[in-house]
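Examining the three-dimensional arrangement
What follows is each chain in one-letter form.
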Amino acid sequence: MSGRIVAVAEGSATPVAGAIVELWTVVNQWGGLGPQQRMTTEADGAFTFQLVRPGSLEIRAFDPSSGRIGRVTGAMASAQNIEGFEVELQGLGGFAGEA
């Protein structure tokens, strides 16, 4: 499974280097998810997870430099390889005005 982490601003996707990406998969009979693999993105925002087990999964991403987060959920079939998808990081909100 491979893809890339991007930040989207004004309709343009920019790769995010140094983002922390985790693969979460089903870990118990009730369908609960748990972290299985973790990595840091390359300069082009790319990540790759090897030996992903079939079933429900979630990709979680965090950019420590901006605080933005993103996630994608889905399912993996046996012997399937998913490539080239993007996880878009979202801002956490903000505050404007006078205190």
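As shown above, the structure is provided for reference.
What you are looking at is a predicted structure, and each value in this text was computed from that prediction instead of being measured.

Before going further, it helps to spend a moment on the overall build of the protein chain. A tally of regular secondary structure across the protein chain gives zero helices and eight strands. Written out in order from the N terminus, the α and β elements of the protein chain read β-β-β-β-β-β-β-β. If one aligns the C-alpha atoms of the protein chain with their principal axes, the spans along those axes are about 50 × 30 × 20 Å. Sequence separation of at least 24 residues holds for 48% of the intrachain contacts in the protein chain that already meet a minimum separation of 6. For the protein chain, the exposed area adds up to about 6,200 Å²; of that, 50% sits on carbon and sulfur atoms.

Turning to the sheet that holds strand E4 (residues 33-40), a few remarks are in order. Taking strand neighbours across the sheet as the criterion, the four strands line up as E4-E3-E6-E7 in an open arrangement whose pairing is antiparallel. A strand with exactly one partner marks an edge of an open sheet, and here the two such strands are E4 and strand E7 (69-76). Between one strand axis and the next, the sheet turns by 20 degrees as a mean value, whatever way the strands run. Bridge analysis of strand E6 (residues 55-62) against E7 gives eight bridges, and the strand direction is antiparallel. Residue pairing for E7: Leu 57 is matched across the bridge by Gly 74.

For the coordinates displayed, the defined rule picks out four salt bridges. Close ionic contact of Glu 58 with Arg 60 constitutes a salt bridge, the shortest N to O distance being 2.4 Å. The partner of Arg 71 in a salt bridge is Glu 58, and the shortest N-O contact between them spans 3.5 Å. With Arg 71 in strand E7 and Glu 58 in strand E6, the pair connects residues that are 13 residues apart, well separated along the chain. Judged by its relative accessible area of 59%, Arg 71 falls in the exposed class. Via salt bridges that share partners, Glu 58, Arg 60 and Arg 71 belong to a single interconnected network.

What follows concerns the pairing of E4. Note: strand E3 (residues 20-26) against E4, seven bridges, orientation antiparallel. Across the sheet, the residue bridging to Thr 25 is Gly 34, located in E4. Adjacent in sequence and paired antiparallel, E3 and E4 are bridged by six residues, among which Gly 31 carries a positive phi angle near 85 degrees.

Rules and cut-offs
Per-chain numbering applies: the sequence of each chain, read as written, is numbered from 1 onward. In keeping with the model being predicted, local features are shown solely for residues with a pLDDT of at least 70 and side-chain atom pairs are shown and tallied solely at 80 or more, while totals for entire chains, interfaces and linings include all residues. Note that water and hydrogens are dropped before the side-chain values are worked out from all heavy atoms of the structure. Counting from the N terminus, the helices are DSSP H or I runs at least four residues long and the strands are E runs at least two residues long. Every residue pair with non-hydrogen atoms within 4.5 Å of one another is taken to be in contact. Under the convention used here, a 1.4 Å probe and the Shrake-Rupley method define accessible areas, while residue burial counts only the protein chains that appear. Pairing between strands is defined by DSSP: at least two bridges between the two strands are required. Axes, fitted as lines to C-alpha atoms, cover a helix only where it is in contact. Angles between the N-to-C directions of the axes lie from 0 to 180 degrees. Salt-bridge detection follows one rule: a side-chain nitrogen of Lys or Arg within 4 Å of a carboxyl oxygen of Asp or Glu. A 1.4 Å probe rolled over the protein chains alone gives each residue an accessible area, and that area as a share of the maximum for its type sets the label: buried under 20%, exposed over 50%, partly exposed in between.

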